[in-house]
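Per-entry structural report
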Amino acid sequence: MAMEITQFLLAAQSADAKVRTEAETNLRQFQEQNMPLFLLSLSVELSNDEKPVESRRLAGIVLKNSLDAKDAIRKEQLVQQWMAINVSIKSQIKDFLLKTLGSSVPEARHTSAQVIAKIASIEVPRKQWPELIGSLLNNMTQQDKPAALKQATLETLGYVCEEISHQDLVQDEVNAVLTAVVQGMNLADHGPEVRLAATKALYNALEFAQTNFENEMERNYIMKVVCDTAMSKEVEIRQAAFECLVAIASAYYEVLEPYMQTLFQLTSNVVKSDEETVALQAIEFWSSICDEEIELQEFESPESGDSGPPHSCFIEKALSSLVPLLLETLLKQEEDQDQDDTIWNISMAGGTCLGLVARTVGDAIVPLVMPFVESNIVKPDWHCREAATYAFGSILEGPSVEKLSPLVQAGLEFLLNAMKDGNNQVKDTTAWTLSRIFELLHSPANGFSVISPENLERVLAVLLESIKDAPNVAEKVCGAIYYLAQGYEEAGPSSSLLSPYLTEIISCLITTADRTDGGDSKLRSSAYETLNEVVRCSNIAETSSIIAQLLPVIMSKLGQTMDIQIVSSDDREKQGDLQASLCGVLQVIIQKFSSTDETKPIILQAANQIMLLFLKVFGCRSSTVHEEAMLAIGALAYATGSQFEKYMPEFYKYLEMGLQNFEEYQVCGITVGVVGDICRSLDDKILPYCDGIMGLLLKDLASSELHRSVKPPIFSCFGDIALAIGEHFEKYVPYALPMMQGAAEICAKMETSDEEMVDYGNQLRRSIFEAYSGILQGFKTVKPEVMVPYAQHLLKFIELVSRDSERDESVTKAAVAVMGDLADALGSNIKLMLKESAFYDEFLGECLQSDDEQLKETAGWTQGMIQRVMVL
Amino acid sequence: MADDSSTSHRRDPIKSSVGNVAAQRRRQNAVTVGKERRESLVRAKRLCRVGATGDGDVPVEENDMITDEAGFLLDTQTSSAVEELKSAVAYQGKGAMQKRVNTLRQLRRLLSKSEFPPVEAALKAGAIPLLVQCLSFGSPDEQLLEAAWCLTNIAAGKPEETKALMPALPLLIAHLGEKSSLPVAEQCAWALGNVAGEGEELRNVLLSQGALPPLARMMLPNKGSTVRTAAWALSNLIKGPDPKAATELIKVDGVLDAILRHLRKVDEELATEVAWVVVYLSALSNFATGVLVKSDVLQLLVERLATSNSLQLLIPNENKLMQRKCTLIVVLRSLGNLVAADSHTISTVLVPGHEITDGVIKVLVKCLKSDHRVLKKEASWVLSNIAAGSIEHKQLIYSSEAVPLLLRLLSTAPFDIRKEVAYVLGNLCVAPTAGEGKPNLIEEHLASLVQRGCLSGFIDLVRSADIEAARLGLQFTELVLRGVPNGDGPKLVEQEDGIDAMEIYQFHENEDLRNMANGLVDKYFGEDYGIDE
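What counts, and at which threshold
Residues numbered from 1 in each chain as written. Chains lettered and ligands numbered in written order. Predicted model: local features only at pLDDT ≥ 70, side-chain atom pairs only at ≥ 80, totals over all residues. Heavy atoms only, no water. Helix = DSSP H or I, 4+ residues; strand = E, 2+ residues; numbered from the N terminus. Buried < 20%, exposed > 50% of the residue type's maximum accessible area, 1.4 Å probe, protein only. Contact = heavy atoms within 4.5 Å. Areas by Shrake-Rupley, 256 points an atom, 1.4 Å probe, with all protein chains shown as cover. Buried area = accessible area lost by both parts, 1.4 Å probe. Salt bridge = Lys/Arg side-chain N within 4 Å of Asp/Glu carboxyl O. Nonpolar A, V, L, I, M, F, W, Y, C, P; charged D, E, K, R; others polar. Core = buried A, V, L, I, M, F, W, Y, C linked by side-chain atoms within 4.5 Å. Axes fitted to C-alpha atoms, helices over the stretch in contact; angles between N-to-C directions. Left-handed = near helix turned anticlockwise from the far one by under 90°. Disulfide = S-S within 2.5 Å. 1 Å grid on protein atoms, 1.4 Å probe; cavity = no way out; pocket = protein on both sides within 12 Å on 5 of 7 lines; lining within 4 Å. Points joined across faces, edges and corners; volume = space filled by probe spheres on them. pLDDT = per-residue confidence, 0-100. Patch = residues over 30% accessible without salt bridge, like charges linked within 9 Å, V, L, I, M, F, W, Y side chains within 5 Å. Lys, Arg positive; Asp, Glu negative; His and termini not counted. Charge placed at Lys NZ, Arg CZ, Asp CG, Glu CD. Phe/Tyr/Trp six-rings, centres within 6.5 Å; stacked < 30°, edge-to-face > 60°.

When you go through chain B residue by residue, the secondary structure sums to 31 helices and zero strands. The buried share of chain B, reckoned over its 533 residues, is 52%. Sequence separation of 24 or more characterises 69% of the internal contacts of chain B that already satisfy a separation of 6 or more. For chain B, the exposed surface amounts to about 24600 Å²; the carbon and sulfur share of it is 51%.

Laid out in structure tokens, this is it:
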């Protein structure tokens, strides 16, 4: 039976670390000794209204975490663990949870709803909890049930819908769920709590309503209820209803036509006069419509008449009313608006939506916006000038260059002058608009630019003057310089245009980076990133001597960071941020110089000192390594080639540290990438370090703590290592290959409804193939037989992937390539296996038809390799 | 949302500053660069062998460089040629014969194509049983010829590939018979020659299956190429080490005559192959040697050596699988074998004063003068055999043109030749002995040769790691110590650092040499000679 664990759960939240640790240990022991009983005890705790809220809360959290994790591999383990539990115990747990939905304590109800959804995510797709929906609906249909139970039940239904796929339910169940939810929104029957819960549940259930939305009567009913709810007197319910409308705009765009008139009225009223939280959702509705139409336009084939989903041109039809509505919002700036990227208010949302409208309709927006711009930009009220500039900046993407160029040409001088405006926000937006102009209308490489060689000097003079303005303005000016420089990248003769100004630009950017009035590091980071872009895009033949002078400057700045006095953790963070920026600059300089034979010696000469600096940067921290320094070391390894060997003894421990950094998973990921860089530079000279590296990589893979995004690069890294050390990889095969096979099996079982998961699955598959490719190529000439026992599994995996229509092009490439590698390396060993796999012919055929030259080439090569095997 | 995040729809504002995005983009770029480098590295590894783009119909060009790829294509074509042969053999309809011949010819061409014929591929594809089937009695000559040709080329492969011919041997032997057309018989002989060349085991199989008599009979006619092939096959077949086959061959009626007849011919290649037969006959079988010596063979060999106006002896057998390179060496070797095999030969045939004897010495001198190392060595070897003969033989050589040449060779030639030369010179200085004991000196020869500077050559041999050469050196040193007139021997040996050379043997592991060297040092240089130094 369940155990009494209240004391432990309370102690685990104690302020006393000793008590806390002891309690955590006890709980962990219990969990390890008897998982089923542990979970049962937690559910008992959660369901018991006599228990303190605190212990129940923690019980719920622990329960939830025992069922779900962010990491796919960890999650799979948890699922298996739950499924292994005795059915009668599971059913007791579920009963306790369902019972908790009727609890008088809101928090217990809420937690229980979440846990039920997690169990549902495991059991419903496997048809192991058929009575769930029935018992939840039962709570709704009985009139005498308390409102709290109904509210919790609706919440649960919403969560369950979020967790499972609509295919997991039969249509009857979907209908019943939707009916229960929509009825819960009914004003006449329910209080606000139930209606809010119902509206939120509907948000999650909308995905299930495809069949219902196809049926006009049902659709009309749902739309009516949602629109009614959108006019509820409770703000929260109105907001929730508008969120539903936003979701409907995305999911059911093609059936919205009959409702658009009503919806325009509804949103229009809200944008004009409702509370901001609701108004933001109303604007979001139109942004979502834009998203849909932009997507339709992007996928529209030039020859119309394709049987794609219809484009209803809602934006175009609403344009003349919608644009003024949005322009209106631009005038609602906050007085002392934080000039921060995180700011989100009605004018920001309105401008963003305006930008999307411009991208949707193109030229048509220009005549609707320009009068607003022209009349407001000269007004004495800064709100008007700022709104006018913002409007102009927002519509620069979408309309044609031909349409915009004359306007920008005419307005450029005005904008340059506006950099001297008396209002900070006006200057901020003006600088941003300039950066948009340079981003979108300055592309000498493509033959157009609003900047002529003649006015470049004037433009730069203004920018380099304005960069001394307030930090928020200076930051936007950095953006303008960034895109200005980017335009000249590989722009033929035009790439020389910026060269004469380079020294001055660089010195201004460094001065800006050194400013201390920014309050935080944002300005500095923008200045350095702009410096990076200026360096990256510069004409190397003309500017290498300038950049060669920059190198010691940056190195000395990085050296000085070691002397910063560290008193607080704040100081340490500041030091780290500064080092990050400087390492970033070094990375770009190294990359730039190692791209040509003429400039590479500059890096080789300084390599010892640079490396010394990086090692010192690492030395500034005790347990973590510096992400940017790591990244720069990757560039240095490439530049120095096998010379990098001499740094390995010193550097290795930081490599280890990086590979062990589970919390800062980006650091871990970058370190994995650096291992690859070093492999390519050192070849088999990396061998002495491989035991350590492989050990850590394998640990990383097995870890459930490490963010999943690092795992694909680790598999790719196996390939890098194998390529570098060839047959010496043999001793890692018994460890690495089962991991690869395991990951391949997870790919096979992966959820395909979640876009993010599909993306991850593609990354994982590609990386597994890359690992196989590297290993096979590494063994090819010396010990191919090592890989024979793994060939069958790999072939099956390739087959599985080849049958997946969702697969990404890059996965296809990797799959085809690895098939060739398999044939190339193992030769006649796999003849029989290939004979038995009929799939490859069709797969190769598909690839050979591809428009992608590289894929075609690889497929041709693979075909040759396989033919060679088949005739042996 | 189940994870308590109540933040509702929220998109990135259009107005943002560049810092974060740029850093993100830069890091992304750095990561992408790594990926691109990985891709280009793997691509380079994959495509380093281009050409396998699946076009199986590309004909193999006449290319000196047999690349992997060409070899691969050849293998592919061979397998499919065998497959075609399979269906051609099974096919019984109209034009079946032509079809078989065509497919056989195709296979044969593939097997003849490169320096590394696709034998393995042919065997893997199951060529042997099909080829055996094609050799069946009553098959048209064209088919037999092509099949035997294929087998010939397969037999030229690696040992295990040659062995694969086992099932075909009885039919190949059967087709050697008189009823077969000459080209077929010749081709079969060729195939069998390849098989016999492989080793003793296969030779014994062939002999037990009766390959020798029909091959021997093929030597009888005057058809050049057939005789040549048969002679070559025979020389492979009787290689021994068992002398039985050689004896059997010489006993076959008409073979000796045929040998003599063919050796008289101008056809150099034919003579070479026949001479090889003589080499093996004389090397292996005393019976055969006896028969040969009594014939005109010796005379013929000397004539051949004498008339060969150039000593450009490398006559490669183009387009043949036979590995014979030269004529003269073979002839010389035959001569040497005959001279060495039987002391009787020397005393009764090479009688000093006879024309033949002068002739032999003359051709040997000619060989010593040649630029060819093997000829010099072989000639020295023959001379040493003759020098081991009677006093008259020794005097004959001593007074011939050979001695100055030999003396020069002793100081300048490579080791293997020097050793042979030393035997000749040594033999010249000792008289034939009737019984045991130290050989008697021919003082005149010894004194003269030493005076002409041969001692240092022998002392060099003393220092040699080759036991046989060292013994020869020591023996000659003993002759000098003992036999140079006026007791000048020890002085001469000392002058040539002979004592040092002998002291190497003070503690030598070879007891015989140790005793000999120590004995000489003790006897001629006193007990304490070495210690005083």
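Read on for the rest.
Scanning chain A from N- to C-terminus turns up 41 helices and two strands. Among the 872 residues that make up chain A, the fraction classed as buried is 59%. The contacts in chain A between residues at least 6 apart in sequence include a share of 72% that link residues at least 24 apart. Working note: accessible area of chain A is about 35500 Å², and carbon and sulfur atoms make up 50% of it.

With that out of the way, let us pick up the environment of A:G393. All names here are of chain A. In this structure, G393 sits in helix 20 (residues 382-394). Placed 39 residues apart in sequence, G393 and L354 show a C-alpha to C-alpha distance of 9.9 Å. Not counting chain neighbours up to four residues away, the residues in contact with G393 comprise W432, T433 and R436.

With 44 residues of chain B at the contact, the number on the chain A side is 80 residues. Roughly 5400 Å² of surface becomes buried between chain B and chain A when both sides are summed, with 50% attributable to carbon and sulfur atoms. The interface formed by chain B and chain A contains 10 salt bridges. Of the charged contacts in the structure, one is a salt bridge between A:E386 and B:K15, with a shortest N-O distance of 3.7 Å. The set of elements that each furnish at least two residues to the side of chain B that touches chain A consists of helix 1 (18-47) and helix 2 (68-90) of chain B. Considering each element in turn, the side of chain B that touches chain A owes the most residues, 22 residues, to helix 1 of chain B. When its residues are assigned to classes, the side of chain B that touches chain A shows 14 nonpolar, 12 polar and 18 charged.

Turning our eyes to something else, we now look at the environment of A:D700. Residue and element names in this part refer to chain A. Within the element layout of this structure, D700 appears in helix 33 (residues 687-702). Overall, D700 belongs to the buried group, its relative accessible area being 1%. Those residues in contact with D700 that sit more than four places away from it in its chain are L659, F662, C668, L706, K711 and I714.

This part takes up unusual backbone geometry. Residue and element names in this part refer to chain A. Phi is positive for K127, which is not a glycine, with a value near 55°. In this structure, C313 is a non-glycine residue whose phi angle is positive, near 50°. You can call C313 partly exposed: its relative accessible area is 24%.

What follows deals with the nonpolar core. Counting 319 residues, the largest nonpolar core has A:V357, A:F614, A:F651, A:F718, A:I721 and A:F729 as the members making the most contacts within it. Beyond its immediate chain neighbours, meaning those up to four positions away, A:F718 contacts A:M694, A:L697, A:L698, A:L701, A:F729, A:A736, A:M740, A:A771 and A:I775. Of all hydrophobic cores here, the second largest spans 154 residues; its members include B:V302, B:L350, B:Y398 and B:L481.

We now examine the packing of helix 29 (residues 600-619) of chain A against helix 31 (residues 648-659) of chain A. Residue and element names in this part refer to chain A. Where helix 29 meets helix 31, the axes come as close as 11 Å, and the angle between the chain directions of the two elements is 35°. Helix 29 and helix 31 meet at a crossing whose hand is left-handed. Contacts from M611, L615, F618 and G619 in helix 29 reach E650, F651 and Y654 in helix 31. Its residues assigned to classes, the contact of helix 29 with helix 31 shows five nonpolar, one polar and one charged.

On to the packing of helix 20 (residues 355-369) of chain B against helix 21 (residues 373-387) of chain B. All names here are of chain B. At their nearest, the axes of helix 20 and helix 21 sit 8 Å apart, and the two run at 145° to each other. As helix 20 packs across helix 21, the resulting crossing turns out to be left-handed. Residues V360, I361, L364, C367 and L368 of helix 20 lie in contact with helix 21, whose contacting residues are L375, K376, A379, S380, V382, L383 and I386. Of the residues assigned to the contact of helix 20 with helix 21, the class counts are 10 nonpolar, one polar and one charged.

The next subject is the state of the cysteines. Within the structure shown, the criterion is met by zero disulfides over all chains. Free of any disulfide, B:C150 has its nearest neighbouring cysteine sulfur in B:C134, separated by 8.3 Å.

Another aspect to go through is the pattern of salt bridges. Counted by the stated rule, this structure contains 56 salt bridges over all chains. Taking the shortest distance from any N to any O, the salt bridge between A:D274 and A:R238 comes out at 2.8 Å. Remark: A:R238 occurs in helix 14 (residues 235-251) and A:D274 occurs in the loop between helix 15 (260-273) and helix 16 (276-299); sequence separation between them is 36 residues. A salt bridge links A:D824 to A:K780, with the nearest nitrogen and oxygen atoms 3.1 Å apart. In this pair, A:D824 is assigned in helix 38 (residues 809-826) and A:K780 in the loop between helix 36 (755-779) and helix 37 (788-802), connecting sequence segments 44 residues apart. Across the pair, A:K780 and A:D824 agree in class, each one buried. What emerges from the salt-bridge pattern is a single network uniting A:E529, A:E627, A:E628, B:R26 and B:R27.

Approximately 980 Å³ is the volume attributed to the second largest pocket. Along the walls of the second largest pocket sit 40 residues, with A:S709, A:P713, B:Q28, B:V31 and B:K35 positioned nearest its centre. Elements that contribute at least two residues to the lining of the second largest pocket include exactly helix 28 (569-593), helix 30 (627-640), helix 32 (665-682), helix 34 (711-725) and helix 36 of chain A together with helix 1 of chain B. Partitioning the lining of the second largest pocket into residue classes produces 14 nonpolar, 14 polar and 12 charged.

Now for the confidence of the model for chain B. Residue and element names in this part refer to chain B. Summarising the model, chain B shows a mean pLDDT of 76, and 83% of its residues fall at 70 or more. Segment residues 1-7: pLDDT under 50, and 14 contacts once partners within four positions in sequence are set aside and those in other chains are kept. Ignoring residues within four places in sequence, the model shows residues 310-325, a span with pLDDT below 50, making 43 contacts including any to other chains. For this predicted complex, the interface score ipTM comes out at 0.75, while the overall pTM is 0.63.

What follows concerns a negative patch on the surface. Residue and element names in this part refer to chain A. Residues E295, E298, E751, D754, E755, D759, E806, D808, E809 and D851 make up a contiguous surface patch of negative charge. If you list the elements that add at least two residues to the negative patch, you get helix 16 and helix 36. One can find E755 in helix 36.

Turning next to the packing of aromatic side chains. All names here are of chain A. In the structure shown here, the tally under the stated rule is 17 aromatic pairs over all chains. A centroid spacing of 5.1 Å and a plane angle of 80° characterise the contact between Y482 and Y483, whose relative ring orientation is edge-to-face. Y483 matches Y482 in its accessibility class, with the two residues each being buried. Three or more aromatic residues joined by ring pairs make a cluster, and in this case those are F618, F644, Y647, F651 and Y654.

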